[in-house]
Amino acid sequence: MSRPLNFDEKAPLERSNVPVIRSVPLTPLYLPVVFRTCALAVIDCQSHDVQIANAGHMAPFLRHADQRVEPVGVDETGVPLGVAEDFPYEQFSLKLGPGEGLALFTDGFSEAMNMENELYGLARLEHQLCGAADGVKQLGELILSDVKQFVGERSQSDDMCLLCFGRNPAAK
């Protein structure tokens with residue numbers, strides 16, 4: 001039985017923000033020197049509704065069934081946890097259509113550097129998401145392979161986390 005999502009994404013992020021603020025050492029300008037990014041997603045596999053609250057990550061990319069790609073939730077992206085104690089985190093919602101998928105990722109992808117000090121960048125990531133792939137698993141594998149090929153022998157300088165999920169093209 002399908003039921004509406006009943007999840008308040010704001011509360012968990014806002015509750016998580018307070019311990020970060022209270023445990024972070026401050027600089028002489030009273031700015032936090034440590035912060036945490038966080039994305040919280042709720043997926044209803046029956047209704048295909050997705051709700052996401054984002055604290056400091058890049059906007060996720062939505063890949064449509066026709067392979068068009070667009071960032072989603074740009075206006076609702078909040079600051080990282082630990083930056084502002086009373087920040088009002090917002091959520092965005094969407095319904096995945098058949099063959100659509102989402103890619104959430106850390107900035108370690110867009111900021112990955114090759115031996116010539118060039119950044120991988122959002123445009124290249126978006127281009128990879130537009131490519132032909134047999135499902136989101138293969139799409140994720142293609143992105144990981146392309147980043148690895150791009151950076152070559154350069155050491156990884158930041159964490160990299162990629163989450164790709166989607167709806168089966170044949171799903172009703």
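Student: Describe the overall build of the protein, naming the residues involved and giving the relevant values.
Tutor: Summing up its helical and strand segments, the protein has 4 helices and 7 strands in all. Ordered by position in the sequence, the α and β elements of the protein form the string α-β-β-β-β-β-β-α-α-α-β. In the protein, which comprises 172 residues, the proportion classed as buried is 36%. Put simply, of all contacts in the protein between residues at least 6 apart along the chain, 66% involve residues at least 24 apart. When the accessible surface of the protein is split by element, carbon and sulfur atoms take 54% of a total near 10200 Å².

Student: Can you tell me about unusual backbone geometry, naming the residues and giving the values?
Tutor: Of note, H48 is a non-glycine position whose phi angle comes to about 70°, a positive value. By the secondary structure assignment, H48 is in the loop between strand 1 (38–44) and strand 2 (49–55). The phi dihedral of Q67 is positive, around 75°, even though this residue is not glycine. Since its relative accessible area comes to 30%, Q67 is described here as partly exposed.

Student: Talk me through the confidence of the model for the protein; I want residue IDs and the actual numbers.
Tutor: With 79% of its residues at a pLDDT of 70 or more, the protein shows a mean pLDDT of 83. Averaged pLDDT values for the elements of the protein fall to 54 in helix 1 (residues 10–23) and rise to 97 in strand 3 (residues 61–63). The low-confidence segment residues 1–7, where pLDDT is below 50, has 13 contacts with residues more than four positions distant or belonging to other chains.

Student: If you had to explain the pairing of strand 1 to someone new, which residues and values would you point to?
Tutor: Sheet topology places strand 1 next to strand 2; 7 bridges connect them, and they run antiparallel. Paired with I43 across the strands is V50, a residue of strand 2. Between strand 1 and strand 2, which pair antiparallel in sequence order, lie 4 residues; one of them, H48, sits at a positive phi of approximately 70°.

What counts, and at which threshold
Residues numbered from 1 in each chain as written. Predicted model: local features only at pLDDT ≥ 70, side-chain atom pairs only at ≥ 80, totals over all residues. Heavy atoms only, no water. Helix = DSSP H or I, 4+ residues; strand = E, 2+ residues; numbered from the N terminus. Buried < 20%, exposed > 50% of the residue type's maximum accessible area, 1.4 Å probe, protein only. Contact = heavy atoms within 4.5 Å. Areas by Shrake-Rupley, 256 points an atom, 1.4 Å probe, with all protein chains shown as cover. pLDDT = per-residue confidence, 0-100. Pairing = 2+ DSSP bridges.

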